[in-house]
Amino acid sequence: MLRLAHLSDVHLGPLPDISYRELASKRITGYINWQRNRKANLHDHVIGLILDDIKAQAPDHIAVTGDLVNLALDAEVEFARQWLELVGPGDDVSVVPGNHDAYVPGALDKACRAWGDWMWGDGMDRPAHRGAFPYMRVRGNAALIGVSSARATAPFMASGYFGSTQARRLGRMLDEAKTKGLCRVIMIHHPPVRGAAPQHKRLFGIGRFKKVMEKHGAELVLHGHTHLPSLYWLDGRDGDVPVVGVAAAGQAVGGSKPAAQFNLIEIDGEPNAWTLNLQRRGLVADSDRIQHIVAQSLDAAERPQVQKLIASRSHAK
Ligand SMILES: [Fe+2]
Ligand SMILES: [Fe+2]
């Protein structure tokens with residue numbers, strides 16, 4: 001059995017001092033946004049509580065699905081590298097970048113260099129770079145596959161992109177992992193599901209991702225970005241694929257989004273008969289303790305029939 005912890009959207013703060021030159025870009029809108037919202041609702045203290053509880057649960061591996069920083073300033077990227085060292089060694093922690101980690105052109109390259117230890121696939125040539133996704137790591141009975149949907153966008157946009165090159169490589173990795181009898185877990189920042197994020201925050205390439213699932217199959221998709229503890233399903237070649245989101249790891253109680261959570265997923269069973277159990281743990285009102293929130297089986301039998309109907313209708317179009 002593999003016990004996998006999943007957290008996302010850490011948005012580490014506070015922001016370091018910013019020069020006017022650094023603000024003369026998309027960052028000006030992000031900086032105002034951060035001053036208004038994130039500074040008030042996202043807290044390092046909360047991130048510390050989440051991380052302490054993850055450590056107490058002693059998972060075999062930890063997945064971090066992006067948005068480690070806010071504006072991808074050099075000092076933030078370095079701060080995030082130091083935070084990752086607290087989370088765990090690169091072999092035990094897998095990271096994929098989010099849109100905030102690629103906030104302006106060039107930022108993603110810097111993040112890949114700084115966080116390479118946590119983003120290298122098995123047997124991959126170092127260093128990690130933005131063209132090297134997806135990467136695949138085998139840990140226990142699972143293949144952890146990291147896809148990058150991060151890219152710099154125009155101001156007020158937070159969209160992601162899943163292109164044909166990554167789609168081809170992802171397909172090959174899924175087939176290879178299937179041949180090896182591994183449970184296939186995909187990590188991606190943006191939810192690859194239609195309607196899961198607002199228009200200006202959506203993933204371009206959702207149709208492409210859907211086709212990869214239909215042609216190659218997978219057992220689980222983990223994502224962040226929406227800051228919501230959601231569960232969607234996609235049709236897959238080898239059965240329905242659960243798509244699991246999570247609340248932002250630094251979200252304080254009382255904001256417009258659910259307070260901080262992380263997912264703890266137990267992967268058990270054998271090829272073609274995997275058992276996936278999800279436990280959500282997080283902050284609840286009037287408490288400074290991380291608690292069990294809900295347990296859910298990710299068995300395809302749990303997929304709501306109405307969602308399946310909608311998916312098959314859109315498939316028929
Ligand atoms: Fe985020
Ligand atoms: Fe995001």
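Description of the structure in this document. Just so you know, these numbers come straight off a predicted model, no measurement behind them. (Residues numbered from 1 in each chain as written. Chains lettered and ligands numbered in written order. Predicted model: local features only at pLDDT ≥ 70, side-chain atom pairs only at ≥ 80, totals over all residues. Heavy atoms only, no water.)

1. Focus on the coordination of the iron ion (ligand 2)
Basically, it comes down to this: For Na, K and Ca the donor cut-off is 3.2 Å, while for other metals it is 2.8 Å, and in both cases only N, O and S atoms qualify; water is not among them, so sites may look incomplete. In this scheme the shape depends on donor count and angles: four donors with every angle between 85 and 135 degrees give tetrahedral, four or six donors with opposite pairs above 155 degrees and others between 65 and 115 give square planar or octahedral in turn, and any other case is irregular.
Protein coordination of the iron ion (ligand 2) is provided by Asp67 (OD), Asn99 (OD1), His189 (NE2) and His225 (ND1), with donor distances spanning 2.1 to 2.3 Å. For the iron ion (ligand 2), the four donor atoms in the first shell make angles of 88 to 161° at the metal, so the coordination geometry reads as irregular. Along the chain, the residues donating to the iron ion (ligand 2) fall in the pattern D-x31-N-x89-H-x35-H. Here the iron ion (ligand 2) and the iron ion (ligand 1) are spaced 3.5 Å apart, with Asp67 acting as a shared donor.

2. Concerning the packing of aromatic side chains
Short version of the rule: In this analysis, rings of Phe, Tyr and Trp, with Trp reduced to its six-membered ring, are considered paired at centre separations within 6.5 Å, and the interplanar angle assigns stacked below 30 degrees, edge-to-face beyond 60, and tilted for intermediate values. Think of it in three bands: residues with accessible area under 20% of the maximum for their type are buried, residues over 50% are exposed, and the middle band is partly exposed, with areas taken using a 1.4 Å probe on protein chains only. Helix and strand definitions follow DSSP, with helices as H or I runs of at least four residues and strands as E runs of at least two, each counted in order from the N terminus. Lysine and arginine charges are scored as sitting over a ring when NZ or CZ, respectively, is within 6 Å of the ring centre and within 35 degrees of the ring normal.
Counted under the stated rule, the structure contains two aromatic pairs. Plain terms: the ring middles of Phe133 and Tyr135 are 5.9 Å apart, the flat faces sit at 50° to each other, and that makes the pair tilted. Its relative accessible area of 1% is what places Tyr135 among the buried residues. Centre to centre, the rings of Phe162 and Phe209 are 5.3 Å apart; their planes meet at 65°, and the pair counts as edge-to-face. With a gap of 47 residues between them, Phe162 in the loop between β6 (160-161) and α6 (164-179) and Phe209 in helix α7 (residues 206-216) connect regions that are remote in the sequence. Across the pair, Phe209 and Phe162 agree in class, each one buried. Its guanidinium or amino end placed over the ring of Tyr161, Arg151 lies 4.2 Å from that ring's centre, counting from NZ or CZ.

3. Section: the coordination of the iron ion (ligand 1)
For the iron ion (ligand 1), the full set of protein donor atoms is Asp9 (OD), His11 (NE2), Asp67 (OD) and His227 (NE2), and the range of their distances to it is 2.0 to 2.3 Å. Mapping the donors of the iron ion (ligand 1) onto the primary sequence gives the spacing D-x1-H-x55-D-x159-H.

4. Remarks on the pairing of strand β2 (residues 61-64)
Just so we agree on the cut-off: By the convention used here, strands pair only if DSSP detects at least 2 bridges between them. With the strands aimed away from the viewer, a crossover counts as right-handed if its path from the first strand over the helix to the second runs clockwise.
By the alternation rule, side chains of β2 split into His61 and Ala63 and Ile62 and Val64, which are all buried. Here strand β1 (residues 2-7) pairs with β2 via four bridges, running parallel. When the sheet's bridge partners are listed, Leu7 is paired in β2 with Val64. As paired elements, β2 and strand β3 (residues 93-95) share three bridges and run parallel to each other. Bridging across to β3, Ala63 finds its partner in Ser94. Remark: the β2/helix α4 (residues 74-87)/β3 crossover connection has right-handed handedness.

5. Quick word on a negative patch on the surface
In plain terms, the rule: Residues form patches when they are more than 30% accessible in relative terms and have no salt bridge. Like charges link within 9 Å. Nonpolar side chains (Val, Leu, Ile, Met, Phe, Trp, Tyr) link within 5 Å. Using a 1.4 Å probe, the Shrake-Rupley method yields the accessible areas, and only the shown protein chains count as cover for residues. In what follows, salt bridge is the name for a side-chain nitrogen of Lys or Arg lying within 4 Å of a carboxyl oxygen of Asp or Glu. The charged-residue count follows a simple rule in which Lys and Arg add positive charge and Asp and Glu add negative charge, with His and chain termini not counted at all. The atom standing in for a charge is NZ when the residue is Lys, CZ when it is Arg, CG when it is Asp and CD when it is Glu.
Taken together, Asp60, Asp91, Asp92 and Asp117 make up a surface patch of like negative charges. As for its placement among the helices and strands, Asp91 is situated in the loop between α4 and β3. Classification of Asp91 as exposed rests on a relative accessible area of 54%.

6. Remarks on the packing of α6 against α7
Rules: Axes here mean lines fitted to C-alpha atoms, for a helix over just the part in contact, with angles spanning 0 to 180 degrees between N-to-C directions. An angle counts as roughly parallel when it lies under 35 degrees, as roughly antiparallel when it exceeds 145, as roughly perpendicular when it falls between 65 and 115, and as oblique in every other case. Take the far helix as your reference; a near helix turned counterclockwise from it by less than a right angle gives a left-handed crossing, and one turned clockwise gives a right-handed crossing. Any two residues whose heavy atoms approach within 4.5 Å at even a single point are treated as in contact. For this classification, Asp, Glu, Lys and Arg are treated as charged, while Ala, Val, Leu, Ile, Met, Phe, Trp, Tyr, Cys and Pro are nonpolar and the rest, including Gly, are polar.
In contact at an axis separation of 10 Å, α6 and α7 are set at 20° when each is read in the N-to-C sense. The angle between the axes of α6 and α7 places the two elements in the roughly parallel class. Seen from above, α6 lies across α7 with right-handed handedness. Facing α6, whose interface residues are Ser164, Ala167, Leu170, Gly171, Leu174 and Asp175, α7 presents Arg208, Phe209, Val212, Met213 and His216. For the contact of α6 with α7, the per-class residue count stands at six nonpolar, three polar and two charged.

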